[in-house]
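Secondary and tertiary structure notes
Next come the chains, spelled out residue by residue.
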Amino acid sequence: LNRERNSIMNENEITVLKVEPGKAPEQITIPNTLRAMQELVSGHIEIVDYQGACLVCNEEGKMLGLEPNRRVGQDVIAGIFFLANSDLEGNLCSLSPEDLIHFQQQFAQPETLTQKDVRSVFGFKFFKM
């Protein structure tokens, strides 16, 4: 196991599951660079632990009014996100074939969400003074 883990620690490209609003998930390969990840989510990345994988999304997606994508637990992710794994040092690496299948099935059905759904989980309340 350790030898296998070491071999994936320095992947130049990683296989991830890209999830876009209104579309079925898509397995893609991206350069394993911060720039490529930021380009994929259209901004600064936020990495959230999700069922043992890493869900990578735009950290300002809700504030920027990006299109609502999927419900994830009690939250709604706005904009494109992708799922990857991480190695023992916390670096992103490819999803296993089993994880790809699992998450493809989990996110297979696009959801019909609105900005109201996003605001309901946003965590900010605005009051008129």
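Everything below is about the structure shown above.
In what follows, the accompanying structure is described. Quick caveat, the model's predicted, so the values are computed rather than measured. Sequence order as written defines the numbering, with residues in each chain counted from 1. Under the rules for a predicted model, residues below a pLDDT of 70 receive no local features and side-chain atom pairs below 80 are neither given nor counted, while totals for whole chains, interfaces and linings still include all residues. Values shown for side chains rest on all heavy atoms present in the structure; no hydrogens or waters enter the calculation.

When its secondary structure is counted, the protein chain shows four helices and eight strands. Each helix and strand of the protein chain, ordered N terminal to C terminal, gives the series α-β-β-α-β-β-β-β-β-β-α-α. Counting every position in the protein chain, which comprises 129 residues, the buried fraction comes to 39%. Contact criterion: two residues are considered in contact whenever any of their non-hydrogen atoms come within 4.5 Å of each other. Nonlocal contacts in the protein chain, meaning residues at least 24 apart in sequence, comprise 56% of its contacts between residues at least 6 apart. Runs of H or I in DSSP of at least four residues are treated as helices and runs of E of at least two as strands, each being numbered from the N terminus. Accessible area is worked out with a 1.4 Å probe on protein chains only. A residue is then buried under 20% of its type maximum, exposed over 50%, and partly exposed in between.

Turning to the pattern of salt bridges, a few remarks are in order. Put simply, a salt bridge is a Lys or Arg side-chain nitrogen that is within 4 Å of an Asp or Glu carboxyl oxygen. Inspection of every chain in the model, using the stated rule, returns four salt bridges. Note that E20 is salt-bridged to K23, the shortest N-O span being 3.6 Å. Residue E20 is classed as buried on the basis of its relative accessible area, which comes to 16%. Accessibility expressed as a relative area gives 45% for K23, which makes it partly exposed. Note that R71 is salt-bridged to D117, the shortest N-O span being 3.3 Å. With a gap of 46 residues between them, R71 in strand β5 (residues 68–72) and D117 in helix α4 (residues 115–121) connect regions that are remote in the sequence.

Across six bridges, strand β1 (residues 13–19) lies against strand β2 (residues 26–31) in antiparallel orientation. When the bridges of β2 are listed, V16 appears paired with I28. Strand pairing follows a simple DSSP-based rule, namely that at least 2 bridges must link the two strands. In this antiparallel pair of consecutive strands, β1 and β2, the connection spans six residues, and G22 shows a positive phi of 75°.

A few words on the environment of D49. Relative to the elements of secondary structure, D49 occurs in strand β3 (residues 45–50). For D49, a relative accessible area of 63% gives the class exposed. Residues D49 and S86, 37 residues apart in the sequence, show an inter-C-alpha distance of 9.9 Å.

Right, let's talk about the nonpolar core for a bit. We call a set of buried residues a nonpolar core when its members are Ala, Val, Leu, Ile, Met, Phe, Trp, Tyr or Cys and they connect through side-chain atoms within 4.5 Å of each other. Core analysis: the largest hydrophobic core is formed by 14 residues, its most contacted members being Y50, L55, F81, L83, L95, F103 and F107. For this core, the secondary structure elements donating two or more residues are β1, β4 (53–58), β7 (81–86) and α3 (97–106). By residue number, the principal contributor to this core is β4, which donates three residues. The residues contacting L83, other than those within four sequence positions of it, are V16, L17, V19, Y50, C54, L55, L95, F103 and F107. Among the nonpolar cores identified, the runner-up in size contains 13 residues, and V16, L40, C54 and F82 belong to it.

This part is about helix α2 (residues 34–41). The complete set of buried residues in α2 reads A36, M37, L40 and V41. Projected down its long axis, α2 carries its buried residues within an arc of 125°, all on one side. The exposed set on the far side of α2, more than 90 degrees from its buried face, consists of L34, R35 and E39. Where α2 is buried, its residues meet β1, β2, β3, β4, β7 and β8 (92–93). After α2 finishes, the residue S42 shows a positive phi value of roughly 60°. Summarising the geometry, the arc corresponds to the directions from the helix axis toward the C-beta atoms.

Everything listed is a geometric property; what it means functionally is a separate question.
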